[in-house]
Amino acid sequence: MAYTTIDKSSTHFVQGEYSGNGATGRAINTGLDLSSGGLQIVKEWSQDGGAWFVNDSERNSGTNYLQFNGTSGGATDSNVITSLNNNGFTVGNDDDINASDDTYIHMGWKAPTSSGASGYGLTLNSYKINTTSKFGIYKYTGNGSAGAYITHGLGGTPAFALIKQFGGTTDWRVFHHKLGATHSFKLNDIQGSYNDDTMFNDTSPDSTKFYFGGSSSTNGNGNTYIAYIWCEVEGFSKFGKKSCTDPVFVYTGFKPAFVSVRADVSNTGEYIWFTDNPSQDYNPQGRCLFPANTGTSYDYGASDSVSFLSNGFYSNKGGSPFANSNANFYYWSFAKAPLVGKRRK
């Protein structure tokens, strides 16, 4: 039984949707307190598509954004996400984030604490962590030497991480514990995993440390990076691996708010399905987004869809990413609601 330490997921993570109105300084009230630190992601769902906006508290608390769909080192824009607030976030009137009659998906993670982490070799410039949901945001400057690490302070063993240099053109590197420290994915491409010991020094993270090699993608000398690191929390988050089959059921121990899936196969890429989306809020979910591009949501239809259940997700999808013969798929997911709350004494 998936007892959890987090009864209410929305205290630490919120996924939702909104419709644009074209107004400057519009507050998107999600109920999530990001005023002390956090990560906010927004993507247009409808019309002509638009870029992914990735904003966090350690890079100017809003206006300095990165984008999943490319290698850009980021930019500053006062017309996209402009601030992280105690009840969500504020947006400007850019068409990709708040155009009248367009619709948008958002995801946010809370990280309010600024004590308990440090750097070895590299320089840890700033950070925010959440020791309950076991999520951390780390801004650091690399030293170019294998074996550098962050003492992450999360109170668990990291299972998943997204790492990006800002101010320089590098790929988004993805660490997944089921893939291991010898390989990584690139979030911004559609290929399978890459074998490169310079990413994470072929050393899996442990309950205190997250390790880096000497790659310019994760630890270039003098380059500045952002790392989003998560540990698995039973009943709240799940980072797993399963053989590609058709159909497939994945047990997570909660009803997912979203699930992001990719097979370790070239030319498939990553697919993200959302429980709460502008098209429909019931099963089966045929529409999804792709981190590697700016397109609108793509509709696979009911026959090739994902269904969100109280304890996981199911798909009878006959194409990518689930039905790749002799391959595995990897997923990351967060809870809309836990299957079972805290164990009562």
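Structure first, text after, so check above.
To start, this report covers the structure provided alongside it.

What follows concerns the overall build of the protein chain. Secondary structure assignment for the protein chain yields 2 helices and 28 strands. Taken over the C-alpha trace, the protein chain has a radius of gyration of 19 Å; the compact-globule value for 345 residues is 20 Å, and the two agree within 12%. Expressed along its principal axes, the backbone C-alpha trace of the protein chain runs to roughly 50 × 50 × 50 Å. Across the 345 residues that make up the protein chain, the buried fraction comes to 56%. Across the protein chain, every contact between residues at least 6 apart in sequence was considered, and the portion connecting residues at least 24 apart equals 64%. On the protein chain, roughly 12300 Å² of surface is accessible, and the fraction owed to carbon and sulfur atoms is 41%. Here the protein chain holds 25 positive side-chain charges and 28 negative ones, and the gap between their average locations is 10 Å.

Moving on, we get to a nonpolar patch on the surface. Together, Phe249, Tyr251, Leu309, Tyr314 and Leu339 make up a nonpolar patch on the protein surface, roughly 400 Å² of accessible area in all. Relative to the elements of secondary structure, Phe249 occurs in strand β21 (residues 248–251). Accessibility expressed as a relative area gives 31% for Phe249, which makes it partly exposed.

This part covers unusual backbone geometry. Non-glycine residue Lys134 carries a positive phi angle of around 60°. When you line up the elements, Lys134 lands in the loop between β11 (123–130) and β12 (135–141). We note that Asn201 has phi near 60°; this positive angle belongs to a residue other than glycine. Inspection of the secondary structure puts Asn201 in the loop between α2 (197–200) and β18 (209–212).

One can find Gly235 in the loop between β19 (224–231) and β20 (237–243). On a C-alpha basis, the gap between Gly235 and Thr4 in space is 4.8 Å, while along the polypeptide they are 231 residues apart.

Along the chain, the position of Thr90 falls in strand β8 (residues 88–91). Its relative accessible area of 13% is what places Thr90 among the buried residues. If we ignore the near neighbours within four places in the chain, the residues touching Thr90 are Gly25, Arg26, Ala27, Val80, Ile81, Thr82, Ser83 and Asn85.

The subject of this paragraph is the environment of Phe258. Relative to the elements of secondary structure, Phe258 occurs in strand β22 (residues 254–263). Taking the relative accessible area as the measure of exposure, Phe258 reaches 0% and is therefore buried. Sequence spacing of Phe258 and Phe334 is 76 residues, and the spatial spacing of their C-alpha atoms is 6.3 Å. Among all residues touching Phe258, those that are not within four sequence positions of it are Phe13, Met107, Trp109, Ile272, Trp273, Phe274, Phe308, Trp332, Ser333 and Phe334.

To continue, consider the nonpolar core. One finds Leu39, Trp109, Leu162, Tyr228, Trp230, Phe258 and Phe334 to be the most contacted residues of the largest nonpolar core, which totals 38 residues. Excluding its chain neighbours within four sequence positions, the residues that come into contact with Trp109 are His12, Phe13, Leu32, Leu34, Gly37, Gly38, Leu39, Ile41, Phe135, Trp230, Phe258 and Phe334. Counting residues in each nonpolar core, the second largest holds 22 residues, with Tyr140, Ala161, Met199 and Phe200 among its members.

With that settled, consider the sheet that holds strand β9 (residues 103–110). Taken in spatial order, the 4 strands make up an open sheet running β1-β9-β3-β4, and their pairing is antiparallel. Because the sheet does not close on itself, it has two edges, and the strands there are β1 (13–19) and β4 (52–56). Across this sheet, the average inter-strand angle for adjacent strands is 15°, counted without regard to direction. In terms of strand pairing, strand β3 (residues 38–44) meets β4 through 5 bridges, oriented antiparallel. Its bridge partner lying in β4, Val42 is registered against Phe53.

Moving on, we get to the packing of aromatic side chains. One pass over the structure, following the stated rule, counts 40 aromatic pairs. Between Tyr140 and Phe212 the ring centres are 5.0 Å apart and the planes differ by 40°, which places this aromatic pair in the tilted class. Separated by 72 residues along the polypeptide, Tyr140 in strand β12 and Phe212 in strand β18 bring together distant segments of the chain. You can call Tyr140 buried: its relative accessible area is 0%. Given a relative accessible area of 0%, Phe212 falls into the buried group. Each ring, one from Phe175 and one from Phe200, has its centre 5.5 Å from the other, and the planes form 75°; the classification is edge-to-face. With a gap of 25 residues between them, Phe175 in strand β15 (residues 173–176) and Phe200 in helix α2 connect regions that are remote in the sequence.

Thresholds applied
Residues numbered from 1 in each chain as written. Predicted model: local features only at pLDDT ≥ 70, side-chain atom pairs only at ≥ 80, totals over all residues. Heavy atoms only, no water. Helix = DSSP H or I, 4+ residues; strand = E, 2+ residues; numbered from the N terminus. Rg over C-alpha atoms; globule rule 2.2 N^0.38 Å. Buried < 20%, exposed > 50% of the residue type's maximum accessible area, 1.4 Å probe, protein only. Contact = heavy atoms within 4.5 Å. Areas by Shrake-Rupley, 256 points an atom, 1.4 Å probe, with all protein chains shown as cover. Lys, Arg positive; Asp, Glu negative; His and termini not counted. Charge placed at Lys NZ, Arg CZ, Asp CG, Glu CD. Patch = residues over 30% accessible without salt bridge, like charges linked within 9 Å, V, L, I, M, F, W, Y side chains within 5 Å. Salt bridge = Lys/Arg side-chain N within 4 Å of Asp/Glu carboxyl O. Core = buried A, V, L, I, M, F, W, Y, C linked by side-chain atoms within 4.5 Å. Pairing = 2+ DSSP bridges. Axes fitted to C-alpha atoms, helices over the stretch in contact; angles between N-to-C directions. Phe/Tyr/Trp six-rings, centres within 6.5 Å; stacked < 30°, edge-to-face > 60°.

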